[in-house]
Amino acid sequence: MPSRTLYQKLVDSHTVTRLDDQNVLLFCDLHLMNEYTSPQAFAGLHEQGREVLMPAQNVSTVSHVIPTHPVANRIIQNPAAALQASNLKRNCVRHGIPLFDTNDALQGIEHIIAPEHGMIRPGMVVICGDSHTTTYGALGALGFGIGTSEVEHVLATQTLVYRTADDMRIRVDGRLPIGTTSKDLILMVISRISAQGARGHAVEFCGSAIDALSIEARFTLCNMTVEAGARGALIAPDQAAIDYVLARAPDINGDIRDRALAHWATLFSDDDAVFHIEHRFDASDVAPHVTWGTSPDQAIPINGNVPAPGGSQRLSTEQALRYTGLQAGMTLEGLKVDHVFIGSCTNARIEDLRAVAKVVEGRHVSPTLRAMVVPGSGAVKVQAEAEGIAQILIDAGLEWRQPGCSMCLAMNDDILSPGQRCASTTNRNFEGRQGRGAVTHLMSPAMAAAAAITGHITDVRHMDLATSESIA
Ligand SMILES: CC(C)[C@H](C(=O)O)[C@@H](O)C(=O)O
Ligand code: SF4
């Protein structure tokens, strides 16, 4: 057997048949669905009188359109959104597909729910009509987003016509400095390789800095790799990943457990496997990063300067500066924000909320802004409440909401007004993403928490925290 990358091993083990030089028919172990990208797929399926081939290999949740107001009964007021949610329910009931419905205590963002319930395991292929499916690479599973017509194909066949990607390896050695996180690392990586830098590639992360990341930090890293254009993100599963999965998947026991462990032990890139592109970064270079523009690669270290338009980036830089209202040469520290949003499939897990609590504990949110925390799932919410974190956030003046995509994208009741500036732990800062005319600055949870306290973009390393060692 020739040497293979981890990505190639995963594709090979799921190839039903090779279609041509570039395409294979790929078996998909798990298909996740949301209310937003599934309705036409079900409609297409029904038009052809077809059934869902493997209902138990599919899971749904209502995540994008759901309101997050802190009330018990979650009624969707917008008629179009309510219809999307009720359609999803009807389709799931009809086909016997498990659903985390609007009032389910465990409902939440798809990419947060799936791993926390042990659905994601090393070596799997996981797909979803959602680009941030790359998240699952953190557990050594190949995850990627698909389009609506592909959703229909998967429902009918549990397979996908899949064009194989090239291999990229990103090695990160060294130690992340205190006050920085995997969010800062991935913002730095994307800013260096560009929003198209990993286009057409499955990215494997490796190196001592990656090994040292918690599983939740790895989720953040792999989640945002799609913002560099990647078609997948992978980290070879180590003991930490295996422990994470086994703690959440009680069905993996006895014989199955032995077989699973033996299989997972093969999930790494062979020593002499060839990557089409390789990058190296030093974790000790990472500073807290913040975006200044309207693309996730338009990010700078907190002590850096907003770039001047020039070279091949001249037009896009000019346009971004026009939209964000910033000037070349300025620093971001001290920039006033109107809103702080802590949430999304990138940064709404328990560790993210703990990091926020460490920064805001014993302080109060600036009276000049509104700050909102939206846990990624019902389970995260319950855990944060049990740990006392929710109370710390509430005491500090942050709003404690119900789970959902919320202000990550303005597709529900949580929308910014034109001209508002938001410090946000999300993954995209596109024009109008959080509301028409609103400006998004992407950053880590700790940095967003610091902005909530001071009222402006602030280097969390200067917050004089009693426990700064453990910010993140
Ligand atoms: C709505 C969905 C198709 C979209 C995605 O694919 O990522 C959304 O989740 C996003 O983050 O922009
Ligand atoms: S939280 Fe944001 S990025 Fe994640 S699935 Fe929802 S809308 Fe997309």
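Residues numbered from 1 in each chain as written. Chains lettered and ligands numbered in written order. Predicted model: local features only at pLDDT ≥ 70, side-chain atom pairs only at ≥ 80, totals over all residues.

Caption draft 1: Expanded view of the overall build of the protein. The secondary structure content of the protein amounts to 15 helices and 19 strands. Taking 23 Å as the expected radius of gyration for a compact globule of 472 residues, we find that the protein reaches 21 Å, a close match to that expectation. By principal-axis analysis of the C-alpha atoms, the protein measures approximately 55 × 55 × 45 Å. Burial status across the protein gives 54% buried among its 472 residues. (Helix = DSSP H or I, 4+ residues; strand = E, 2+ residues; numbered from the N terminus. Rg over C-alpha atoms; globule rule 2.2 N^0.38 Å. Buried ≥ 20, exposed ≤ 12 C-beta atoms within 10 Å, placed from the backbone.)

Caption draft 2: The arrangement of the site of ligand 2 in detail. Around ligand 2, the surrounding shell consists of Ser-63, His-64, Ile-109, Asp-130, His-132, Ser-344, Cys-345, Cys-405, Cys-408, Leu-409, Thr-426 and Asn-427. Its residues placed into classes, the shell around ligand 2 shows five nonpolar, six polar and one charged. Split by domain, the shell around ligand 2 shows at least three residues from each of two domains, domain 1 (6–164 + 238–261) and domain 3 (290–470). (Near = placed C-beta within 6 Å. Nonpolar A, V, L, I, M, F, W, Y, C, P; charged D, E, K, R; others polar. Domains from an automatic or database assignment.)

Caption draft 3: Quick look at the nonpolar core. Ranked by internal contacts, the top residues of the largest apolar core, which has 144 residues, are Val-290, Val-340, Val-356, Val-360, Leu-393 and Ala-452. Considering each element in turn, this core owes the most residues, eight residues, to helix α15 (residues 445–454). For Leu-393, the contacting residues outside a window of four places in its chain are Val-356, Ala-357, Val-360, Val-373, Leu-398 and Trp-400. (Core = buried A, V, L, I, M, F, W, Y, C linked by C-beta atoms within 7 Å. Contact = placed C-beta atoms within 7 Å.)

Caption draft 4: A look at the site of ligand 1. Around ligand 1, a shell composed of Tyr-36, Thr-37, His-64, Asp-130, Ser-131, His-132, Gly-145 and Leu-409 is seen. The class makeup of the residues in the shell around ligand 1 is two nonpolar, five polar and one charged.

Caption draft 5: Representation of the sheet that holds strand β17 (residues 399–400) within the structure. Spatial strand order, β17-β16-β15-β18-β19: five strands in an open sheet with parallel pairing. With one partner strand each, in any of the chains shown, β17 and β19 (439–442) form the two edges of the open sheet. Both strand β18 (residues 421–424) and β19 contribute to a ladder of four bridges, which runs parallel. Across the sheet, Cys-422 pairs through a bridge with Thr-440, a residue of β19. Relative to the sheet, α15 contacts β15 (339–342), β16 (370–373) and β18, its axis offset from that of β15 by approximately 150°. (Pairing = 2+ DSSP bridges. Axes fitted to C-alpha atoms, helices over the stretch in contact; angles between N-to-C directions.)

Caption draft 6: The arrangement of α15 in detail. Of all ten residues in α15, ten are buried, a share of seventy percent or more. By the burial criterion, the buried members of α15 are Pro-445, Ala-446, Met-447, Ala-448, Ala-449, Ala-450, Ala-451, Ala-452, Ile-453 and Thr-454. On its buried face, α15 is in contact with β13 (289–291), β15, α12 (350–360), β16 and β18. Positive phi shows up at Gly-455, right after α15, with a value of about 90°.

Caption draft 7: Geometry of the packing of α12 against α15. Remark: α12 packs on α15, axes separated minimally by 8 Å, with the N-to-C direction vectors making an angle of 35°. Handedness of the crossing formed by α12 with α15: right-handed. In this structure, α12 uses Asp-352, Ala-355, Val-356, Val-359 and Val-360 to contact α15, whose residues at the interface are Pro-445, Ala-446, Ala-449, Ala-450, Ala-452 and Ile-453. (Left-handed = near helix turned anticlockwise from the far one by under 90°.)

Caption draft 8: Fine view of the domain arrangement of the protein. We note that the domain assignment places domain 1 (6–164 + 238–261), domain 2 (166–236 + 269–285) and domain 3 (290–470) within the protein. Of note, the centres of domain 1 and domain 2, computed from C-alpha atoms alone, are 24 Å apart. Sorting the residues of the side of domain 1 that touches domain 2 by element identifies α1 (6–14), α4 (110–116), β7 (142–145) and α9 (239–248) as the ones contributing at least two each. For the side of domain 1 that touches domain 2, the per-class residue count stands at nine nonpolar, eight polar and one charged.

Caption draft 9: How the structure looks around the sheet that holds strand β9 (residues 166–173). Taking strand neighbours across the sheet as the criterion, the four strands line up as β11-β10-β9-β12 in an open arrangement whose pairing is parallel. For this open sheet the edge positions go to β11 (232–235) and β12 (277–282), each flanked by a neighbour on one side alone. Taking each pair of neighbouring strands and ignoring which way they run, the sheet shows an average axis angle of 20°. Examined bridge by bridge, strand β10 (residues 201–206) and β11 share four bridges and lie parallel to one another. In the sheet register, Val-203 faces β11, and the bridge partner there is Ala-233.

Caption draft 10: Quick peek at unusual backbone geometry. With phi around 60°, Gln-158 is a residue other than glycine that occupies positive phi space. With respect to the secondary-structure elements, Gln-158 resides in the loop between α5 (148–157) and β8 (159–163).

Caption draft 11: Quick peek at the confidence of the model for the protein. Per-residue pLDDT for the protein has a mean of 96; in total, 98% of the residues score no lower than 70. Contacts for the low-pLDDT stretch residues 466–470, under 50 throughout, to residues beyond four places or in other chains number five contacts. (pLDDT = per-residue confidence, 0-100.)

Caption draft 12: Fine view of the pairing of β15. Taking every second residue as pointing to the same face, both faces of β15 are buried, with His-339 and Phe-341 on one and Val-340 and Ile-342 on the other. Bridge count between β15 and β16: four bridges; the pairing is parallel. From the neighbouring strand, Ile-342 faces β16, where its bridge partner is Val-373. In terms of handedness, the path from β15 via α12 over to β16 forms a crossover that is right-handed. Two elements, β15 and β18, share three bridges in a ladder whose sense is parallel. Paired with Val-340 across the bridge in β18 is Ala-423. (Right-handed = clockwise from strand over helix to strand, strands pointing away.)

Caption draft 13: Highlighting the environment of His-279. Within the secondary structure, His-279 sits in strand β12. Separated by 263 residues in sequence, His-279 and Val-16 place their C-alpha atoms 32 Å apart. Ignoring sequence-local partners within four residues, the contact set of His-279 consists of Ile-170 and Ile-193.

Caption draft 14: Representation of the packing of helix α2 (residues 39–47) against α5 in the model. Close contact between α2 and α5 brings their axes to 8 Å; oriented N to C, the two are set at 50°. Classed by the angle they form, the pair α2 and α5 counts as oblique. Relative to α5, α2 is oriented so that their crossing is right-handed. Contacts from Gln-40, Ala-41, Gly-44 and Leu-45 of α2 reach α5 at Thr-148, Val-151, Glu-152, Leu-155 and Ala-156. (Parallel < 35°, antiparallel > 145°, perpendicular 65-115°, else oblique.)

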